[in-house]
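# Architecture and fold: a report
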Amino acid sequence: MKAMVLHRNALAESGPLTYEDAEKPSPGYGEVVMSVLSCGVCRSNLQVIEGERGKPPKLPLIPGHEVVGIVESVGPGVSSLMVGDRVGAQPQYDSCGSCRLCISGMENLCQRSGRLGWSVDGGYAQYMKGKASHLHKVPDSIGDLEAAPLFCPGVTAYRAVIASGASPASAVAVFGIGGVGHFAIQFARLFGARVIGVSRGAQHRKLALEMGADEAIDPSDSEALLELSRREEIGSSIVFAPSDDSIEKAMALTRRGGTIVLGVDGNISNYRFMKGQTLKATLVGTRKEIEEVLEIAGKGLVKTRARAMKLEDANEALCSLKENKVEGRIVLEP
Ligand SMILES: [Zn+2]
Ligand SMILES: [Zn+2]
């Protein structure tokens, strides 16, 4: 099969992935092999490829962890899926099912889980192996291109919006309007909240408004930020923009007693306990939440903004992402 393979960590500009022949996987116990239809290009793929997260435990490695495909072969012990099913895979390849986190409904944080495109080969390929227990059937009403991003940014946004407590009672500010942010705006609207999109890029602010945000502001416009914080209407902020400055501004903008949800890593240096704010962090989501996202998207209540690129153009896609030139998501199609 053809795949985009990482042999050693390198910057996206240097073309770190090579388009080459790789061995087609075969399904082991509890596994299926899918013929890949679409695979989203995630910022964390970029971090893995460039070595920001250290050397991957598996090299050579096929990246990609938001993948939709057709089940092509089924291994022993699989009863939930059949050849021909259209399924999607999320970043978590599996989870142990027996640790404190798994049994308390926080399986997304399981430390004994494989990660697609990190410790297990992912979806930048014609075929990929998945664990049946962590694959989901995709509703017919969702296209291949639109479906793949639901499995990472879609569910990440959903979990973060739930954590924010979004409701008609207050406004939610969403920092960073990319793959995750554009979904978060739609979920927060669905939960009845007033939504303010926050992004430095004019094109991203435009996307925020198109996704249903009531307002879109530029975080470098200090007048606008000040005016917004004076209104004291922001009950919660959700941060997907990968910068400490965004976290600081989110805390400043959110009213006293409000909630700040972090969907990215960052330094929290200016937390003021006098404001009585709650800080939360969310990481992707659980299988139950993925099912909920698929149901919502299947009804057309949330839409994916994505554009397709060819598998062999993955290096170019990563560069566009690095330069913040992507509107929504780029999805690779082998
Ligand atoms: Zn992702
Ligand atoms: Zn576990």
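As the structure is a computational prediction, the values presented were derived from the model and not from experiment.

Donor atoms from the polypeptide that coordinate the zinc ion (ligand 2) comprise Cys96 (SG), Cys99 (SG), Cys102 (SG) and Cys110 (SG), at 2.3 to 2.4 Å from the metal. Relative to the metal, the 4 donor atoms surrounding the zinc ion (ligand 2) lie at angles of 104 to 117°, and the coordination shape comes out tetrahedral. Donor residues for the zinc ion (ligand 2), ordered by position in the chain, follow C-x2-C-x2-C-x7-C. With Cys96 in the loop between strand 5 (86-89) and helix 2 (100-103) and Cys110 in the loop between helix 2 and strand 6 (127-131), this residue pair connects regions lying 14 residues apart in the sequence. Cys96 sits in the partly exposed class, given a relative accessible area of 28%.

Next up on the list: the pairing of strand 14 (residues 306-310). Where strand 14 meets strand 15 (residues 329-333), 5 bridges bridge the pair, whose relative direction is parallel. Across the sheet, the residue bridging to Met309 is Leu332, located in strand 15. Assessed by its sense of winding, the connection that carries the chain from strand 14 through helix 10 (residues 314-322) to strand 15 is right-handed.

Our next topic: the domain arrangement of the protein chain. Once the domains are mapped, the protein chain shows domain 1 (2-152 + 284-333) and domain 2 (154-281). On a C-alpha basis, the centroid separation for the pair domain 1 and domain 2 is 27 Å. If you look at the interface, domain 1 gives 25 residues, while domain 2 gives 18 residues. Taking both partners together, domain 1 and domain 2 bury about 1900 Å²; carbon and sulfur atoms supply 59% of that area. On the domain 1 side of the contact with domain 2, Glu289, Val302 and Arg305 bury the most area, a combined 24% of that side's loss.

What follows is about the nonpolar core. If you look at the biggest cluster of nonpolar residues, it comprises 41 residues, and the most contacted ones within it are Leu150, Val174, Ile185 and Phe187. Those elements that provide at least two residues to this core are helix 3 (144-147), helix 4 (153-164), strand 8 (171-175), helix 5 (181-190), helix 6 (202-210) and helix 9 (287-298). Here this core takes 6 residues from helix 4, the largest share from any one element. Both of domain 1 (2-152 + 284-333) and domain 2 (154-281) provide at least three residues apiece to this core. Those residues in contact with Ile185 that sit more than four places away from it in its chain are Val174, Ile177, Val195, Ala208, Met211, Gly212 and Ala213. Counting 39 residues, the second-largest nonpolar core is a separate cluster that includes Met1, Val41, Val87 and Met309.

The protein atoms that coordinate the zinc ion (ligand 1) are Cys42 (SG), His65 (NE2), Glu66 (OE) and Cys152 (SG), at distances of 2.0 to 2.4 Å. In this structure, the zinc ion (ligand 1) is coordinated by 4 donor atoms arranged in tetrahedral fashion, with angles at the metal of 96 to 122°. Going along the chain, you hit the donors of the zinc ion (ligand 1) in the pattern C-x22-H-E-x85-C. This pair shows no difference in class: His65 is buried, exactly as Glu66 is.

Bringing the environment of Ala241 into the picture now. Examined against the element boundaries, Ala241 turns out to sit in the loop between strand 11 (234-239) and helix 8 (244-253). In the structure, Ala241 is positioned 42 residues away from Ser199 in sequence and 8.1 Å away in space, judged by C-alpha atoms. When residues no more than four places from it in sequence are discounted, the contact partners of Ala241 are Phe175, Gly176, Ser246 and Val264.

For strand 9 (residues 194-198), the tally of buried residues reaches 4 of 5 residues, placing the bulk of the element in the interior. Both strand 8 and strand 9 contribute to a ladder of 5 bridges, which runs parallel. By the bridge assignment for strand 9, Ala171 is matched with Arg194. Tracing the backbone out of strand 8, into helix 5 and back to the parallel element strand 9 gives a crossover that is right-handed.

Looking at where Val71 falls in the secondary structure, it is placed in strand 4 (residues 67-74). Between the alpha carbons of Val71 and Val36 there is a distance of 8.8 Å; along the sequence they are 35 residues apart. In this structure Val71 touches Val32, Val33, Met34, Met82, Val83, Gly84, Asp85 and Val87, once residues within four positions along its chain are discounted.

What counts and how
Residues numbered from 1 in each chain as written. Chains lettered and ligands numbered in written order. Predicted model: local features only at pLDDT ≥ 70, side-chain atom pairs only at ≥ 80, totals over all residues. Heavy atoms only, no water. Donors = N, O, S within 2.8 Å, 3.2 Å for Na, K, Ca; no water. Tetrahedral: all angles 85-135°; square planar, octahedral: opposite > 155°, others 65-115°. Helix = DSSP H or I, 4+ residues; strand = E, 2+ residues; numbered from the N terminus. Buried < 20%, exposed > 50% of the residue type's maximum accessible area, 1.4 Å probe, protein only. Pairing = 2+ DSSP bridges. Right-handed = clockwise from strand over helix to strand, strands pointing away. Domains from an automatic or database assignment. Contact = heavy atoms within 4.5 Å. Buried area = accessible area lost by both parts, 1.4 Å probe. Core = buried A, V, L, I, M, F, W, Y, C linked by side-chain atoms within 4.5 Å.

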